[in-house]
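Read off the chains here:
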Amino acid sequence: MTSSMTLDQFDILALRREFPILSQPMNGKTLAFLDSAASSQKPRRVIDCLEDYYRRYNANVHRGVYRLSEEATFAFERARGKVARFINARSQREVVFVRNTTEAINLVARSWGDVNLREGDRILLSVMEHHSNLVPWQMLAQRTGAKLEFLSLDGEGRLVLDHLDAQLQGVRLVALTQQSNVLGTINPVAEIARRAHAAGALILVDGAQSVPHMPVDVQALDIDFLAFSGHKMCAPTGIGVLWGRRALLEQMPPFLGGGSMIKVVSLHESSYADVPARFEAGTPAIAEAIALGEAVDFLQEVGMARIYAHERELLGYAIDRLAGVEGLTIYGPQTTEMRGGALSFTLEDVHPHDVAAALDSEGIAVRAGHHCTQPLHAHLNVPATTRASFYLYNTAEEVDRLVAALDKARNLFG
Ligand code: C6P
């Protein structure tokens, strides 16, 4: 494959023009944005959607009986419906708007966890989890006396599932990422969900790195909770989603108290609204939720299967080309099989921050550090890595630039 690779039915140049930021010069070069795992860029129509709300129908939702407020409420709830269809939820009542993946997971840990877990209960996580899918469970374990257990990884950064059924004994909840933000590993969530349910456990899936990049169907996966962030899928910051099975959400107490989440309030007690309002105390991120709906429309028009295929093609090309960079070590699976487009690497003993700074001087944006996965980096026995991550707007030419800039950095620091 060469840098002029053809992307089946995927007019990448036209698609890139939808993202105004990508035509911006960066350090005298064209910006090559290879940090979408941290946060994606936004297409024009999402930016326009935010502006349209503030210019034409800005008003609080679920409160006013005047026309503007009704229009805002309609758009806000329509966005919830779009998100529900995007992940194939049974009902839009299963979609709770939160700020981000982190808040969604904390909501479950606080609300479901505090009520359901007792001393000695077990929660099964994995070594590859982002701090967002680790720290809330540590806090829950401290509050309840529950115990955390961890699935380990093989040499390629895949989950070791040989003893899963034994490990599931006494487990109340499995909390697992669908795609690692460092290794790129895609975990077999449907299979783990099946085995977790057989053992009487629930499963929460951290979809921060999967929902933006591949078709995710909560019914086909047969999971119980899914958490994801708008800002990683072409939508604004400040809006995220907790999806939960309705029967579970209905049994859960509120996480935050205040306006919007109540039925009747007296001075000493309150009754709570039905789901999802019960979990949406206070004025929500209205414009951002509506713009998330717009981002979902955009992603569906491009096609999630095509986005996945495009990233996979790019990933295969990048793995091949990076193999030619002397002294470079890629962490995670070395093939595109069950692997997404987050590529973390080290370059001999050059510090990852120096690598990232050298790439930045070539107009290439990547992330360096522990990527909020300190236990995973301890497991890999490296303090930090440099990470390039791909999305629907990235090209093979950008991979070529990455490879050339890494060669240059190696010569510079070597
Ligand atoms: N990872 C990265 O650069 P928030 O910050 O709540 O939107 O997402 C948290 C989160 C949870 N799980 C996974 C697998 C993630 O990758 C992230 C965010 C970014 O890798 C920012 S640290």
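Residues numbered from 1 in each chain as written. Predicted model: local features only at pLDDT ≥ 70, side-chain atom pairs only at ≥ 80, totals over all residues. Heavy atoms only, no water.

Engineer: Please explain the domain arrangement of the chain as it appears in this structure.
Structural biologist: When the parts of a complex come together, some accessible area is lost, and that lost area is often used as the size of the interface. Along its sequence, the chain is carved into domain 1 (12-30 + 303-413) and domain 2 (48-301). Computed from C-alpha coordinates alone, the two centres of domain 1 and domain 2 are separated by 28 Å. Listed per partner, the contact involves 33 residues of domain 1 and 33 residues of domain 2. The set of elements that each furnish at least two residues to the side of domain 1 that touches domain 2 consists of helix H11 (304-322), strand E14 (342-347) and helix H13 (374-380). Top contributing element to the side of domain 1 that touches domain 2 by residue count: H13, with six residues. In the side of domain 1 that touches domain 2, the residues fall into 16 nonpolar, 13 polar and four charged. (Domains from an automatic or database assignment. Contact = heavy atoms within 4.5 Å. Helix = DSSP H or I, 4+ residues; strand = E, 2+ residues; numbered from the N terminus. Nonpolar A, V, L, I, M, F, W, Y, C, P; charged D, E, K, R; others polar.)

Engineer: Even after reading the chapter, I still don't get the site of the ligand, so can you show me in this structure?
Structural biologist: As a matter of local geometry, the ligand sits amid 18 residues, with Thr-102, Asp-206, Gln-209, Ser-229 and Arg-367 nearest to it. In the environment of the ligand, an oxygen atom lies 2.7 Å from a nitrogen or oxygen atom belonging to the side chain of Ser-229. Measuring from an oxygen atom of the ligand, one finds a side-chain N or O atom of Arg-367 at 2.5 Å. When isolated, the ligand has an accessible area of 510 Å², and the protein chains bury 90% of it. (Near = heavy atom within 4 Å. Polar contact = N/O pair within 3.5 Å; in protein donor to acceptor, adjacent residues only side chain to side chain. Areas by Shrake-Rupley, 256 points an atom, 1.4 Å probe, with all protein chains shown as cover.)

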